[in-house]
Amino acid sequence: QVQLVESGGGLVQAGGSLRLSCAASGRTFSSSYVMGWFRQAPGKEREFVARISWNAYITYYADSVKGRFTISRDNAKNTVYLQMNSLKPEDTAVYYCAADRSSRWSSDVGYWGQGTQVTVSS
C-alpha cells in the first residue's frame, strides 16, 4: 500500500509563491519511484506538471510551468516538493501528487494523492 498526502495549497495573489509538499508512506513505497505532480482545473482534463527521478538527477516540466516551478525531493523523508513562483491565475487547480516506478510514467501512474487546492487571484 502506498499513501500520498499533499499539503501547502492555498490562496495567493498573482505573482506570489507557494510550496507544495507530498509525503509518501506505506510498505510498498520505494524511494526508487519517480514522483511528480499533476493538476486539474474545473471543467478541464488533468494535466502533467512536473516529475523527478528517484535520484533527483532528472526532472521534466510541462512547458506551461518551465522557469516558474521547481520540483525537488528528499528521499530520507519520502517527500517531494513543488516550489511554485510567479503564479498566474491559470495555475489555479487541484494539484495531485503521483508516484510509481519509472516505467509506469509512460502509461498510467499507479499511486495518487487526494489533491490540494491552489487558487491564484488576479
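Structural data are supplied above this passage.
What this report covers is the structure whose coordinates are included nearby. (Residues numbered from 1 in each chain as written. Predicted model: local features only at pLDDT ≥ 70, side-chain atom pairs only at ≥ 80, totals over all residues. Heavy atoms only, no water.)

1. Description of the packing of aromatic side chains
This model, assessed by the stated rule, comprises six aromatic pairs. With centroids separated by 5.7 Å and ring planes inclined at 75°, the aromatic side chains of Phe 38 and Phe 48 adopt a geometry described as edge-to-face. You can see Phe 38 sitting in strand β4 (residues 34–40) and its partner Phe 48 sitting in strand β5 (residues 47–52), a full ten residues away along the chain. As far as burial versus exposure is concerned, Phe 38 and Phe 48 are alike and both buried. Consider the rings of Phe 38 and Trp 112, whose centres lie 4.9 Å apart with planes at 55°: the pair is tilted. Here Trp 112 lies in strand β10 (residues 111–112) and Phe 38 lies in strand β4, a separation of 74 residues in the sequence. Phe 38 gets classed as buried once you look at its relative accessible area, which sits at 14%. On the basis of relative accessible area, Trp 112 is assigned to the partly exposed category, the value being 30%. Cation over ring: Arg 46 sits above Tyr 96, and NZ or CZ is 4.2 Å from the ring centre. One residue, Arg 46, lies across the ring of Trp 112, its end atom 4.5 Å from the ring centre. (Phe/Tyr/Trp six-rings, centres within 6.5 Å; stacked < 30°, edge-to-face > 60°. Helix = DSSP H or I, 4+ residues; strand = E, 2+ residues; numbered from the N terminus. Buried < 20%, exposed > 50% of the residue type's maximum accessible area, 1.4 Å probe, protein only. Lys NZ or Arg CZ within 6 Å of the ring centre and 35° of its normal.)

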